[in-house]
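If you want the building blocks of each chain, they are given just below.
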There are 2 protein chains.
Amino acid sequence: MKREIGIVGAGVGGLHLALYLQKHGVDATIITDREPHEYRHSRLLNTVAHHHVTIAREDYLGIDHWSKPELFYAYHDHYFNFPQPLHFRGDFTKPSRAVDYRIYLPVLMEEFMKRGGRIEYRRVDEVDIPVLAARFELLVVSTGKGGFGQIFPYRPELTPFSQPQRRLCVGLYNGVRQTNPMSVTLSVSPGHGEMIVIPTVTFDGIATALLMENVPGGDLEELATLDYAQDRKHFLRTLLAKLERHHPTTFDRIDPAQFDLAQEQDLLQGGVVPTVRNTTAEFADGKCAIALGDVHSVVDPMMGQGANMASYAAFVLGEEIVKGDALDVRFCEKVDLRRQDRVLAASRWTNMMLAPPSPALGMLLGTMGQNKLLADEFTENFNYPEVQWDRISTPQRIQAWIDRTSAPHEQRIAAA
Amino acid sequence: MKREIGIVGAGVGGLHLALYLQKHGVDATIITDREPHEYRHSRLLNTVAHHHVTIAREDYLGIDHWSKPELFYAYHDHYFNFPQPLHFRGDFTKPSRAVDYRIYLPVLMEEFMKRGGRIEYRRVDEVDIPVLAARFELLVVSTGKGGFGQIFPYRPELTPFSQPQRRLCVGLYNGVRQTNPMSVTLSVSPGHGEMIVIPTVTFDGIATALLMENVPGGDLEELATLDYAQDRKHFLRTLLAKLERHHPTTFDRIDPAQFDLAQEQDLLQGGVVPTVRNTTAEFADGKCAIALGDVHSVVDPMMGQGANMASYAAFVLGEEIVKGDALDVRFCEKVDLRRQDRVLAASRWTNMMLAPPSPALGMLLGTMGQNKLLADEFTENFNYPEVQWDRISTPQRIQAWIDRTSAPHEQRIAAA
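Scope of this entry: the structure provided in the associated data block. (Residues numbered from 1 in each chain as written. Chains lettered and ligands numbered in written order. Predicted model: local features only at pLDDT ≥ 70, side-chain atom pairs only at ≥ 80, totals over all residues. Heavy atoms only, no water.)

1. Re the pattern of salt bridges
All names here are of chain A. Stated formally: Basic side-chain nitrogens of Lys or Arg form a salt bridge, by our definition, when they fall within 4 Å of a carboxyl oxygen of Asp or Glu. By the criteria applied, helices consist of DSSP H or I runs no shorter than four residues and strands consist of E runs no shorter than two, each listed in order from the N terminus. When a residue's accessible area, from a 1.4 Å probe over protein chains only, is under 20% of the maximum for its type it is buried; when over 50% it is exposed; and in between it is partly exposed.
Applying the stated criterion across every chain, the model contains 62 salt bridges over all chains. With a closest N to O distance of 3.1 Å, Glu-4 and Arg-118 form a salt bridge. Here Glu-4, found in strand 1 (residues 4-8), pairs with Arg-118, found in strand 6 (residues 118-121); they are 114 residues apart in sequence, far enough to count as distant. Residue Glu-4 is classed as partly exposed on the basis of its relative accessible area of 30%.

2. Description of the sheet that holds strand 7 (residues 138-141) of chain A
All names here are of chain A. Condition: In this scheme, strands are said to pair when DSSP sees at least two bridges between them. To get an axis, a line is fitted to the C-alpha atoms, and for a helix only the part in contact is used. The angle between two axes follows their N-to-C directions and goes from 0 to 180 degrees. Two residues form a contact once any of their heavy atoms are found within 4.5 Å.
Read across the open sheet, the 6 strands follow the order 6-2-1-7-16-15; overall the sheet is mixed. Taken across any chain shown, the strands that pair with only one partner, and hence form the sheet edges, are strand 6 and strand 15 (280-282). The mean inter-strand angle of the sheet, taken between neighbouring strand axes irrespective of direction, is 20°. Alignment of strand 1 against strand 2 (residues 27-32), held across 5 bridges, turns out to be parallel. Across the sheet, the residue bridging to Gly-6 is Thr-29, located in strand 2. Seen against the sheet, helix 3 (residues 101-114) touches strand 2 and strand 6 and runs at an angle of roughly 125° to strand 6. Here helix 8 (residues 329-354) sits on the sheet in contact with strand 7, strand 15 and strand 16 (288-291), set at roughly 10° to strand 16.

3. A few points about helix 10 (residues 372-380) of chain A
Residues and elements named next belong to chain A. Worth spelling out the cut-off: Between N or O atoms, a polar contact is any pair within 3.5 Å; within protein, one atom must be a potential hydrogen donor and the other a potential acceptor, and residues adjacent in sequence are included only when both atoms are from side chains.
Taking burial as the measure, the 9 residues of helix 10 include 7 buried ones, the bulk of the element. Those residues of helix 10 that fall on the buried side of the exposure criterion are Leu-374, Ala-375, Asp-376, Glu-377, Phe-378, Thr-379 and Glu-380. Among the residues of helix 10, the N-terminal cap falls to Asn-371, whose side-chain oxygen and the backbone nitrogen of Leu-373 are separated by 3.2 Å.

4. Structural notes on the interface of chain A and chain B
For clarity, the cut-off: Summed over both partners, the accessible area lost on bringing two parts together, with a 1.4 Å probe, is the buried area. Three classes are used, and their members are as follows: Ala, Val, Leu, Ile, Met, Phe, Trp, Tyr, Cys and Pro are nonpolar, Asp, Glu, Lys and Arg are charged, and the others, Gly among them, are polar.
Each side of the interface is counted separately: chain A has 20 residues, and chain B has 20 residues. Its largest share of buried area at the contact with chain B, chain A owes to A:Arg330, A:Leu337 and A:Arg397, together 39% of the area lost on that side. On inspection of chain A and its partner chain B, the count reaches 10 salt bridges. With its nearest N and O atoms 2.8 Å apart, the salt bridge here joins B:Arg330 to A:Asp341. Joining chain A to chain B, the criterion identifies 14 residue pairs in polar contact (both at pLDDT 80 or more). Those elements that place two or more of their residues in the side of chain A that touches chain B are helix 8, helix 11 (385-392) and helix 12 (395-406) of chain A. The biggest single contributor to the side of chain A that touches chain B is helix 8 of chain A, with 8 residues. Considered class by class, the residues forming the side of chain A that touches chain B number 4 nonpolar, 4 polar and 12 charged.

The values are spatial; any link to function lies outside them.
As structure tokens, this is what we get:
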């Protein structure tokens, strides 16, 4: 039977799904309100790193536009700005890569169309969903925009927060020296916030994303509202002073003479309320809409999980569509059963890192400073959030992980 | 780390789990109120067929006491007592077998003890659970007896019925001729009830279980309260008359001169309320109790799923215990994620068969009468209730299944 799938939204989830279905001979129609050419001059969308499990999915889809080794980063550099600073490195088994989504998304859209895919350009609101569901065999809703609270209600039992936990100030900057090989820095200023420093493929070569996760009430909070357009020099001067105080190892990599946004629109300020929603809506004749990506679970960007989860869930959904009989409620239930552990673990892990650290989490971080195996596993688990959650969800699990990775080599082999 | 697992209950779930853990070097203690020798003269416990996936688990555990080919049955014989009767056969890929649990359970208990296992004999009530949970690293609650409604509350959203849907009259009889090879008959008297006829290994060779599932208000209902002990002849006479009218193909296999219960205690009358419960309870220090088998999901015996699901879930739980870090709430969540689709599908499928048949289900049964491939798949799916549910959960899925199995051979291959 020839299937026709509707996909609302052209983010990474919708596009990976569309390309997956296309590769398997399933008709997919993307519906989005933004044409490829509109991305070039738009405001920064986000800062997104793709971990190697996501890059493997891109390889599978034949999206190999950014495969040069010098575009990848190899490890996480952790810095905790204590009076006695904590500084350690964790290596991935395979490198990660960040590409500005104003480049990435249009390239995937063009690729989809070049291969015969269909994109309709129009705005979709919640009220349009039942009509669209009737048109397709299955409707996938994968746009972060718009409210879908009626169709996919919140699950408050999975959503501990009702407010953003960080005030974000995210920019793409020139004037930050890269490490060699490139790396991502996770810099923590206790009580004030975290900063994720990501070498990013931009319109003009590699620039540096500073994803500043500022604690409400802390010394960095004002960066989330500081107005670059109004007073560029004041913005940069204030930012540099804050970096010097709170994130000194990154400050040391900055050439103040060169330091500025890569483009004036490369700044994004705001905050995210972590939310999880029901994923399935049934309409007339048993037709269903299923949530994918941010519509299912929105995470704070701190742990870099949102896009990777959307891509992961897109493949789970794609695989099930290709092999499924009927794309009905039972189908959606099975998709959820397969994807929920990883997707929800990304949310739980991120939410744990947003809360004040427990003594056990503090001990874990301290131990990573002296235990490379532990730091490497923690880093590699950015690919496998459900494994991260297995390791850190309770103090007992954290202790067991420390014990295992601290044991002499022979015992580790025996325990593995 | 040496683990110690407590298992309340010595049914098939608890025993398969205990033997699995023992095989993998994990200490398990069974707590039950009945010693092996007490089974010999007890009332009939149930009528249970083990399908080949369960028999494969028994092989794995080395419980090969009933491996002679003549103890197995090869197919299901379906008879619908319409004015124009519907009669068809469905074959398993591998045979099934039923053993009287008054033989089966004590043999497994003895085997467990012979291999070094520990059984404590005492009654356990709900109030004892927190104390037991504190004693073990994980407490598994797998006894159908007693109320555990506080610790494992009902999930009414998964429990459509609050009353038994059939009035059961279950007996082990002599005087019923077996088919050659042996088979199970599923005989349906529309509006009055179903009867499952199961060749069963008993204390005295093969006898025949008549599992009579009588519809409340139907002509067979009175069998659920007819008193054998008070008037044996009246009981047998009444039963034979009902069988002749409602289940004639089985009646034809009966020699009235020989027809009687194999032993006077081989009769069980009553009913089952299908229920599903929460499975995880957390106590002090994060210690957990997890429900297994009937405590998790009780099904009406019509589809023969209860024991097979308990064994299946026991192996899932055993595998996770052997490989798990901490036996905590996160652990229980992962066990549930793995087992729930099959366990809940058995409940949903059985509940669907208890309800008045939909037009689509009627069509499926009618089509099976002319489509051996369909009947064989339906029969084989007694091993895989989640696949059965994929096939029959909606009219559209039923139609798709009929279409696929009715297509010419070449198309079926292409569609597979």
